[in-house]
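Geometric and topological summary
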Amino acid sequence: MVKDLFERIQNNKGPLGKWASQAEGYFVFPKLEGELGPRMQFQGKNILNWSLNDYLGLANHPEVRKADADAALQYGAAYPMGARMMSGHTSVHEQLENELAAFVMKESAYLLNFGYQGIMSTIDALVTKNDIIVYDVDAHACIIDGVRLHMGKRYTYRHNDLESMEKNLQRATKMATETGGGILFITEGVFGMRGQQGKLKEIVAMKEKYNFRLLVDDAHGFGTLGKTGAGAGEEQNCQDGIDVYFSTFAKSMASIGAFIAADKDIIDYLKYNLRSQMFAKSLPMIQTVGALKRLELLRNHPELKDKLWENVNALQSGLRSRNFNIGDTNTCVTPVYLEGSVPEAMVMVNDLRENYGIFLSIVIYPVIPKGIILLRMIPTSSHTLADIDETLTAFEIIREKLVNGTYKSIAEKTTVDVS
């Protein structure tokens, strides 16, 4: 007997979906209103927002807003219409690619409509079934989904673990020798959950011993790291060793879209083989023109990054001096690790939002191990030192409530429907 396809879906909402009746609209899929920035509206209340990736505060920069508006007025939302390969190519797209390539110190670049689909398609295009992929176990979901498309062998190494990297490179080398293929090594410039930089310099050094190509997802590093803001590779002085560099516009560039950069022959190949771009509408002119303005500001106004790091250092040093566990982050991403259950986490976040006016991202099992609550904050150049002081004071109070059992007591009195 053939089962109804939807029977499984109706009976099992998934590890996160099972919390939907309690969480949706508040803990997940929250509605933030008002102008993007550190202070917004949430369910009728003013909140201090630590949950935006607008690192450099470009989302509401007057020059950016004007560039976006002017492009919308000139081109509308549809232009260019159609897939770029067939009918959606413009000189503005080429200009942006040339400027991005120069900025990240690569020979050539190619625009992507979306970061998630773009890197998935890049991974798919770079390898054949004979090739081997080696990637970090903590890689972003877009990388994992890209690897799932691979018909050949793949190996994961322990997060940022050099010994595990080398062990798996040895396994990959042996397998590639048998299949007649090559090796693609994938890591991130910045791991967006923990805030650690990928060990790019050490990985690049391994290329002297092992024959592989390196793909780096630098979504959180672009614009925030390196002397000029060119990312984690510039920060670690190993940009030349990155064979394919990827970043999204959804973080420091405060927009949508992405790009890849590499040697010209590699980009030329990818342009004709990236299925997610070949068969999709071109990046609209609003985003393309807007990205040019954002890149101009990123290049010419280092004070934006300087202010960002002033806030990052103040927040992270304040947390450490108060004995909060923020792991070994060495980027703007600021995780705070606490011990507690999912129901306790829900009560705590409700307290933060309702009584202290602080909004941030909460990460719980199954994304991280059971018994751990991760509160992730993204400082931006738009935050103030007063915002940071306010947050540190609130964190000391909510930690005490977690430790003394206040949140556990409230959670136990609350009906939790996970059916």
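A short tour of the structure in this document, coming up. In this text, all values refer to a predicted model and were calculated from it rather than measured experimentally. (Residues numbered from 1 in each chain as written. Predicted model: local features only at pLDDT ≥ 70, side-chain atom pairs only at ≥ 80, totals over all residues. Heavy atoms only, no water.)

Looking only at helices and strands, one finds 16 helices and 14 strands in the protein. Rg of the C-alpha trace for the protein: 22 Å, near the compact-globule value of 22 Å for 419 residues, within the 12% margin. Reported as C-alpha extents along the three principal axes, the dimensions of the protein are approximately 60 × 55 × 55 Å. A total of 419 residues make up the protein; the buried ones form 52% of that total. Carbon and sulfur atoms make up 52% of the accessible area of the protein, which amounts to about 19,700 Å² in all. Between the averaged position of the 45 positive side-chain charges in the protein and that of its 50 negative side-chain charges there is a distance of 4 Å. (Helix = DSSP H or I, 4+ residues; strand = E, 2+ residues; numbered from the N terminus. Rg over C-alpha atoms; globule rule 2.2 N^0.38 Å. Buried < 20%, exposed > 50% of the residue type's maximum accessible area, 1.4 Å probe, protein only. Areas by Shrake-Rupley, 256 points an atom, 1.4 Å probe, with all protein chains shown as cover. Lys, Arg positive; Asp, Glu negative; His and termini not counted. Charge placed at Lys NZ, Arg CZ, Asp CG, Glu CD.)

This part takes up helix H3 (residues 62–75). Along an α-helix, residues three or four apart share an orientation, since each turn contains 3.6 residues. Along its 14 residues, H3 runs 20 Å from first to last C-alpha, staying within 8% of the 20 Å computed at 1.5 Å per residue. Within H3, burial applies to Val64, Ala67, Asp68 and Ala71. Viewed along the axis of H3, the buried residues span an arc of 95 degrees, placing them on a single side of the element. Among the exposed residues of H3, those oriented more than 90 degrees off its buried face are Pro62, Lys66 and Leu73. On its buried face, H3 is in contact with helix H12 (285–300). Just downstream of H3, Gly76 is the residue with a positive phi angle, here 75 degrees. (Expected span 1.5 Å × (residues − 1). Arc of directions from axis to C-beta. Contact = heavy atoms within 4.5 Å.)

Taken together, Leu5, Phe6 and Ile9 make up a surface patch of nonpolar side chains, about 320 Å² in accessible area. Summarising the element assignment, Leu5 is placed in helix H1 (residues 5–11). (Patch = residues over 30% accessible without salt bridge, like charges linked within 9 Å, V, L, I, M, F, W, Y side chains within 5 Å. Salt bridge = Lys/Arg side-chain N within 4 Å of Asp/Glu carboxyl O.)

The subject of this paragraph is the layout of surface pockets. Its boundaries defined by the atoms lining it, the second largest pocket holds a volume of some 480 Å³. Around the second largest pocket, the lining is made up of 24 residues, and of these Leu126, Leu184, Arg213, Asp243 and Ile266 lie nearest the centre. Listed by contribution, the elements that provide at least two residues to the lining of the second largest pocket are helix H5 (115–126), helix H7 (162–179), strand E7 (183–188), strand E8 (213–217) and helix H10 (264–271). Of the residues forming the lining of the second largest pocket, the biggest block, 3 residues, is contributed by H10. Of the residues assigned to the lining of the second largest pocket, the class counts are 13 nonpolar, 4 polar and 7 charged. (1 Å grid on protein atoms, 1.4 Å probe; cavity = no way out; pocket = protein on both sides within 12 Å on 5 of 7 lines; lining within 4 Å. Points joined across faces, edges and corners; volume = space filled by probe spheres on them. Nonpolar A, V, L, I, M, F, W, Y, C, P; charged D, E, K, R; others polar.)

Let us look at the packing of aromatic side chains. Under the criterion given, the structure shown has 11 aromatic pairs. Measuring from centroid to centroid gives 5.2 Å for Phe42 and Phe359, while their planes differ by 65 degrees, and the two rings are edge-to-face. Of this pair, Phe42 sits in strand E2 (residues 39–42) while Phe359 sits in strand E12 (residues 358–359), placing them 317 residues apart in sequence. For Phe359, a relative accessible area of 3% gives the class buried. Geometrically, the ring pair formed by Phe222 and Phe259 is edge-to-face, given 5.5 Å between the ring centres and 70 degrees between the ring planes. Taken as a pair, Phe222 in the loop between E8 and helix H9 (232–235) and Phe259 in strand E10 (residues 258–262) lie far apart in primary sequence, 37 residues in all. Residue Phe259 is classed as buried on the basis of its relative accessible area, which comes to 0%. Through a chain of ring-to-ring contacts, the aromatic side chains of Phe103, Phe222, Tyr245, Phe249 and Phe259 assemble into a single cluster. Sitting over the face of the ring of Phe42, Arg353 holds its NZ or CZ atom 5.3 Å from the ring centroid. (Phe/Tyr/Trp six-rings, centres within 6.5 Å; stacked < 30°, edge-to-face > 60°. Lys NZ or Arg CZ within 6 Å of the ring centre and 35° of its normal.)

Our focus in this paragraph is the nonpolar core. In terms of nonpolar packing, the biggest core is built from 57 residues, with Leu100, Phe185, Phe212, Phe222, Phe249 and Phe259 touching the most fellow members. Considering each element in turn, this core owes the most residues, 6 residues, to H12. If we skip the residues at most four places from it in the chain, Phe212 touches Leu169, Ile183, Phe185, Ile203, Met206, Lys207 and Asp243. Within the second largest apolar cluster, 38 residues are counted, among which are Leu48, Leu52, Phe324 and Ala345. (Core = buried A, V, L, I, M, F, W, Y, C linked by side-chain atoms within 4.5 Å.)

With respect to the helices, strands and loops of the structure, Thr380 is situated in the loop between strand E14 (372–377) and helix H15 (385–403). Side chain to side chain, Thr380 and His383 meet in a polar contact 3.0 Å long. Leaving out residues up to four positions away in the same chain, Thr380 has contacts with Leu52, Asp54, Tyr55, Leu308 and Asn311. (Polar contact = N/O pair within 3.5 Å; in protein donor to acceptor, adjacent residues only side chain to side chain.)

With that settled, the discussion passes to the sheet that holds strand E4 (residues 108–112). Strand order in this open sheet of 7 strands is E4-E10-E9-E8-E7-E5-E6, and the pairing throughout is mixed. This sheet does not close on itself; its edge strands, each paired only once, are E4 and strand E6 (154–157). For this sheet, the mean angle separating the axes of adjacent strands, direction not counted, is 20 degrees. Where strand E5 (residues 132–136) meets E6, 4 bridges bridge the pair, whose relative direction is parallel. When the bridges of E6 are listed, Ile133 appears paired with Arg154. Sheet strands in contact with helix H4 (residues 91–103) are E4 and E10, and its direction is about 125 degrees off that of E4. (Pairing = 2+ DSSP bridges. Axes fitted to C-alpha atoms, helices over the stretch in contact; angles between N-to-C directions.)

Running from N to C, helix H13 (residues 302–321) and H15 point in directions that differ by 20 degrees, and their axes come no closer than 10 Å. By the angle class used here, H13 and H15 are roughly parallel. For the pair H13 and H15, the sense of crossing is right-handed. Of H15, the residues touching H13 (which contributes Glu310, Asn311, Ala314, Leu315, Gly318 and Leu319) are Leu385, Ile388, Leu392 and Phe395. (Parallel < 35°, antiparallel > 145°, perpendicular 65-115°, else oblique. Left-handed = near helix turned anticlockwise from the far one by under 90°.)

Next up on the list: the sheet that holds strand E13 (residues 361–363). Pairing is antiparallel in the open sheet, where 3 strands are placed in the order E11-E14-E13. Strands with a single pairing partner mark the edges of an open sheet, and in this sheet they are strand E11 (334–339) and E13. Taken over all neighbouring pairs, the strand axes of this sheet differ in orientation by 25 degrees on average, direction set aside. Note: E13 against E14, 3 bridges, orientation antiparallel. Residue Val363 lies in a different strand from E14, and its bridge partner there is Leu374. The strands that helix H14 (residues 342–355) touches are E11, E13 and E14; relative to E14, the one it contacts most, it runs at about 30 degrees. Each of E11 and E14 touches H15; the most contacted strand, E11, lies at about 20 degrees to it.

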